[in-house]
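Now for the letters of each chain:
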Amino acid sequence: MHFRDLKMLQPKFPKKLLCFEMKIGAIVTGWFHLLLSILGIIFTLIILFNHELYLKTLKSFAEAYNETSFVMMEDQEGDKDVMELALKLTLGFYLFISIVNFVAATLLIHGTMKENHLFLLPWLTSEVLGMFIMLCAMFVSCPYLIVVIIARVYIWYCIWAFYRDLKRNKNTSGYPIEAPSAAYGSDGLHTTKPPSYGDVVTFK
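Residues numbered from 1 in each chain as written. Predicted model: local features only at pLDDT ≥ 70, side-chain atom pairs only at ≥ 80, totals over all residues. Heavy atoms only, no water.

(A) Geometry of the nonpolar core. Ranked by size, the top nonpolar core spans 13 residues in total, and within it Leu120, Trp123, Ile159 and Phe162 carry the most contacts. Going through the elements one at a time, α2 (22-49), α4 (77-114), α5 (121-140) and α6 (145-171) are the ones with two or more residues in this core. Core analysis: the next-biggest nonpolar cluster, separate from the first, contains 6 residues, Ile47, Leu58, Met83 and Leu87 among them. (Core = buried A, V, L, I, M, F, W, Y, C linked by side-chain atoms within 4.5 Å. Buried < 20%, exposed > 50% of the residue type's maximum accessible area, 1.4 Å probe, protein only. Helix = DSSP H or I, 4+ residues; strand = E, 2+ residues; numbered from the N terminus.)

Below is the structure:
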């Protein structure tokens, strides 16, 4: 098999995220997840510290449990304590996930702007966890979440392809064929900067 045939067998990775260039798409994705995580943190804290809203959430939580569980909870004091504990654990877990997503989205934006692939890893990891949780929720109560999961898988794959390109460019030797705008150091010698994402690189 010739080298050209092997090259044709290699998978083709996306070069755009929807209508955005990959770098812009990664930044937009980071800001979107950042806003969602901030809203999640605020929403969870409001429920925890607003007693009236907390009681309404507890009632809705108990009703949702009875609809999706084979074991019906009776309206007893012991069952109420169990449901309250379950709600607090759920809200605490959601708050933790929101904080993790906030940090991961911040690192995604920073890593994309600095073209550092290592900063993309936390978001890629946390997004896998988020998709797994959503997949479990889909089987339990909401099958329509499959549409959201498909969209998240596509976005994750695009960001992973962007991560792969950044990592490959960092490990590749050589300089752009068309050098960037001329820059002169303090010694008056012509210098060029290392290649960045999207530049054409030649191999030595």
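(B) Focus on the layout of surface pockets. By volume, the largest pocket amounts to about 1,500 Å³. No other element matches α2, which puts 10 residues into the lining of the largest pocket. A per-class count over the lining of the largest pocket returns 28 nonpolar, 14 polar and 2 charged. (1 Å grid on protein atoms, 1.4 Å probe; cavity = no way out; pocket = protein on both sides within 12 Å on 5 of 7 lines; lining within 4 Å. Points joined across faces, edges and corners; volume = space filled by probe spheres on them. Nonpolar A, V, L, I, M, F, W, Y, C, P; charged D, E, K, R; others polar.)

(C) Inspection of the pattern of salt bridges at higher detail. As enumerated under the stated definition, the model contains 6 salt bridges in all. The shortest N-O distance in the salt bridge between Glu52 and Lys56 comes to 3.9 Å. Of this pair, Glu52 and Lys56 both sit in helix α3 (residues 51-68), 4 residues apart, which is roughly one turn of that helix. Both residues of the pair, Glu52 and Lys56, count as exposed. Two residues, Glu127 and Arg152, come together in a salt bridge whose shortest N-O distance is 2.8 Å. (Salt bridge = Lys/Arg side-chain N within 4 Å of Asp/Glu carboxyl O.)

(D) Representation of the packing of aromatic side chains. Enumeration according to the criterion identifies 1 aromatic pair in this entry. A ring pair is formed by Tyr157 and Trp160, whose centres lie 6.1 Å apart and whose planes are at 25 degrees; its orientation type is stacked. Taken as a pair, Tyr157 and Trp160 lie in helix α6 at a separation of 3 residues, close to a single helical turn. The exposure class assigned to Trp160 is partly exposed, which follows from its relative accessible area of 27%. (Phe/Tyr/Trp six-rings, centres within 6.5 Å; stacked < 30°, edge-to-face > 60°.)

(E) Looking closely at unusual backbone geometry. Phi is positive for Glu115, close to 55 degrees, though the residue is something other than glycine. According to the relative accessible area criterion, Glu115 is partly exposed, its value standing at 25%.

(F) Region of the structure containing a nonpolar patch on the surface. Together, Leu35, Ile38, Ile42, Ile46, Leu53, Ile99, Phe102 and Val103 make up a nonpolar patch on the protein surface, roughly 630 Å² of accessible area in all. Among the elements of the structure, α2 and α4 are those that each provide at least two residues to the nonpolar patch. Among the elements that take part in the nonpolar patch, α2 stands out by supplying 4 residues, more than any other. Along the chain, Leu35 falls in helix α2. (Patch = residues over 30% accessible without salt bridge, like charges linked within 9 Å, V, L, I, M, F, W, Y side chains within 5 Å. Areas by Shrake-Rupley, 256 points an atom, 1.4 Å probe, with all protein chains shown as cover.)

(G) Structural detail: α5. Along its 20 residues, α5 runs 29 Å from first to last C-alpha, staying within 8% of the 28 Å computed at 1.5 Å per residue. Three or more residues of α5 are buried, namely Trp123, Leu124, Ser126, Glu127, Gly130, Met131, Met134 and Met138. An end-on view of α5 places all buried positions within 165 degrees of arc, on one side of the element. Along α5, exposed side chains directed more than 90 degrees from the buried face belong to Thr125, Phe132, Phe139 and Val140. (Expected span 1.5 Å × (residues − 1). Arc of directions from axis to C-beta.)

(H) Representation of the UniProt feature "transmembrane region" (unreviewed entry) in the chain in the model. Those places that UniProt annotates as "transmembrane region" (unreviewed entry) correspond, in this numbering, to residues 24-49, 91-111 and 118-140. As annotated, residues 91-111 has a helix share of 100% and a strand share of 0%, and its two end C-alpha atoms lie 30 Å apart. (UniProt positions renumbered as here; feature names shortened; annotations may be inferred.)

(I) Here's a closer look at the packing of α5 against α6. Running from N to C, α5 and α6 cross one another at 165 degrees; their axes reach a closest spacing of 10 Å. With respect to α6, the axis of α5 lies roughly antiparallel. Considering the relative orientation of α5 and α6, their crossing is left-handed. Where α5 abuts α6, its residues Leu121, Trp123, Leu124, Glu127, Val128, Gly130, Met131, Met134, Leu135, Ala137 and Met138 lie against Leu145, Ile146, Val148, Ile149, Arg152, Val153, Ile155, Trp156, Ile159, Trp160 and Tyr163. (Axes fitted to C-alpha atoms, helices over the stretch in contact; angles between N-to-C directions. Parallel < 35°, antiparallel > 145°, perpendicular 65-115°, else oblique. Left-handed = near helix turned anticlockwise from the far one by under 90°. Contact = heavy atoms within 4.5 Å.)

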